[in-house]
Amino acid sequence: MKNWPLEAFTKVKTPFYFYDMDMLNEHITIASNAAIKYNYSIHYAIKANHHFRVLKEMKNAGFGVDCVSENELLEALNAGFSPSKILLAGVGKTDNEIRLAISHSIKAIHVESLEELEVINELAIELATCAQVALRINPNVNAYTHPSITTGLNENKFGISLNKINDLIALVKNLSHIKIIGLHFHIGSQIEDLSVFKTLSLKVNEVWSFFISAGFKLAYLNLGGGLGVDYYSPDNSLPPFEKYFSVFNEFLNVGHETKIHFELGRSLVAHSGNLISKVLYVKKGDEKDFLILDAGMTDLMRPALYQSYHQINNLSSKEEDHIYDIVGPICESSDTFATKRSLPKASRYNLVAIRSAGAYGQVMSSNYNLRPSPKALFSDDLLFSESLQTELKLVI
Ligand code: PLP
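Residues numbered from 1 in each chain as written. Predicted model: local features only at pLDDT ≥ 70, side-chain atom pairs only at ≥ 80, totals over all residues. Heavy atoms only, no water.

Caption draft 1: Geometry of the overall build of the chain. From N to C terminus, the chain includes 12 helices and 17 strands. Since a compact globule built from 396 residues should have a radius of gyration of about 21 Å, the 23 Å found for the chain is in line with a globular shape. Referenced to the eigenvectors of the C-alpha coordinate spread, the extents of the chain come out at roughly 70 × 40 × 40 Å. Going through the 396 residues of the chain one by one, you find that 56% of them count as buried. (Helix = DSSP H or I, 4+ residues; strand = E, 2+ residues; numbered from the N terminus. Rg over C-alpha atoms; globule rule 2.2 N^0.38 Å. Buried < 20%, exposed > 50% of the residue type's maximum accessible area, 1.4 Å probe, protein only.)

This is how it looks when you write it as structure tokens:
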């Protein structure tokens, strides 16, 4: 929480997201340097946080971008990413999304099924061009992460099963308007055990050589995202970018001419984002005491969705610790940010920061209960702009 403008926070309508741009840029730079060392290229997974300011930083770092919807693709173009650095993924792409990707000649559409491949071929014929694709393979590798963000097992809906490869090879021969440039894998998110990436690499080697021996000319390999962050330590823990890439460097064996890509999301943006909220009530319950915040699951859904841990700081109190359940105002018992959490004794209007909320935070907010979407403030400018303070000024 180094250099946070706490005085300014008290003048802004809560809840809001506060982005520490120094931290964001530090993480981007370290990731970028680690990737450059191995000649790997990073495509930022825009789904983690699509804010224009964030996209601009990613673009300035020279990253490409990984999109999963028409609007993400348009926003990436709007932010100035070259189509040659844009990827489109997703298990259920609409015809319009596919048309948009083909007509902009993006780097690759990541294809998740044989059925989708046929549709892409038809749409490419309609547009009288050839669609450049990579095949997303489901390697059946366990990511040992939360089941809701595990994507590389046979039971998951993602990617083309290894059991379908022979059918795929037969199908491809009949598709005139498809150019297959390579393979794509993404087995899950918030992966903390780096040995998972060794297992993935070894599986990728097998699949890769199978395709090569089947006569495919592949020059593109995308290993997805997934690198986890330490939610228990938002201030002093850099995601282990260097170790992460070094695992692939050690175990991948796909030929030097193959260009290797990653789609990192969470690890680049998680720690720099914070949800700033206000205590509305300190409620004494029969069995526990509750801190009732003005932020709820509509502003940050991860704890309700995945029971995920976020560090929470009381920014206004230095009193001795007390145990609270920290909850939002929504009529759902899952609207709970933390249970049995020890925090300095709180009182009404204290400011509270929910940390490491930069990834899958603001972008997953909803308007349930007709609650407004939380605004974003950035450490390097917006917070100090007078017009913004006027717009947002409201101290409950
Ligand atoms: N690539 C794909 C296909 C994804 O589905 C995701 C997120 O789930 C990512 C990349 C980004 O993953 P992460 O944010 O864990 O790095």
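We are not done yet, so read on.
Caption draft 2: Local environment of the site of the ligand. Close to the ligand lie 13 residues; Lys-47, Ser-189, Glu-263, Arg-266 and Tyr-360 are nearest. Gly-265 is positioned such that a nitrogen or oxygen atom in its backbone is 2.9 Å from an oxygen atom of the ligand. Relative to its unbound accessible area of 390 Å², the ligand is 92% covered by the protein chains. Classifying every residue of the shell around the ligand gives 3 nonpolar, 5 polar and 5 charged. (Near = heavy atom within 4 Å. Polar contact = N/O pair within 3.5 Å; in protein donor to acceptor, adjacent residues only side chain to side chain. Areas by Shrake-Rupley, 256 points an atom, 1.4 Å probe, with all protein chains shown as cover. Nonpolar A, V, L, I, M, F, W, Y, C, P; charged D, E, K, R; others polar.)

Caption draft 3: Structural detail: a negative patch on the surface. Taken together, the side chains of Asp-95, Glu-115, Glu-118 and Glu-122 present a region of like negative charge at the surface. With 3 residues, the single largest contributor to the negative patch is helix H6 (residues 114–126). (Patch = residues over 30% accessible without salt bridge, like charges linked within 9 Å, V, L, I, M, F, W, Y side chains within 5 Å. Salt bridge = Lys/Arg side-chain N within 4 Å of Asp/Glu carboxyl O. Lys, Arg positive; Asp, Glu negative; His and termini not counted. Charge placed at Lys NZ, Arg CZ, Asp CG, Glu CD.)

Caption draft 4: Structural view of unusual backbone geometry. Each neighbour pair has its own omega, and for Thr-14 with Pro-15 the value is -5°, a cis peptide bond. Within the fold, Pro-15 resides in the loop between helix H1 (6–9) and strand S1 (16–19). The backbone of Tyr-349 sits at a positive phi, close to 75°, despite the residue not being glycine. With respect to the helices and strands, Tyr-349 occurs in the loop between strand S15 (336–344) and strand S16 (351–354).

Caption draft 5: Main features of the environment of Pro-147. Within the secondary structure, Pro-147 sits in the loop between strand S6 (131–138) and strand S7 (160–161). Distance in space between the C-alpha atoms of Pro-147 and Gly-188 is 9.0 Å, their sequence separation being 41 residues.

Caption draft 6: Focus on helix H4 (residues 70–78). Here H4 has its buried residues at Glu-72, Leu-73 and Ala-76. Along the long axis of H4, the arc covered by the buried residues comes to 100°, so they all point the same way. In H4, those exposed residues whose orientation departs by more than 90 degrees from the buried face are Asn-71 and Asn-78. At the exit of H4 stands Gly-80, carrying a positive phi of roughly 95°. (Arc of directions from axis to C-beta.)

Caption draft 7: Representation of the side chain of Asn-313 in the model. Mapped onto the elements of the fold, Asn-313 is located in strand S13 (residues 312–314). Since its relative accessible area comes to 15%, Asn-313 is described here as buried. Among the polar contacts listed, one links the side chain of Asn-313 to the side chain of Gln-311, at a separation of 3.4 Å. At 2.9 Å, the side chain of Asn-313 and the side chain of Arg-355 are in polar contact.

None of the figures reported here should be taken as evidence of function without further support.
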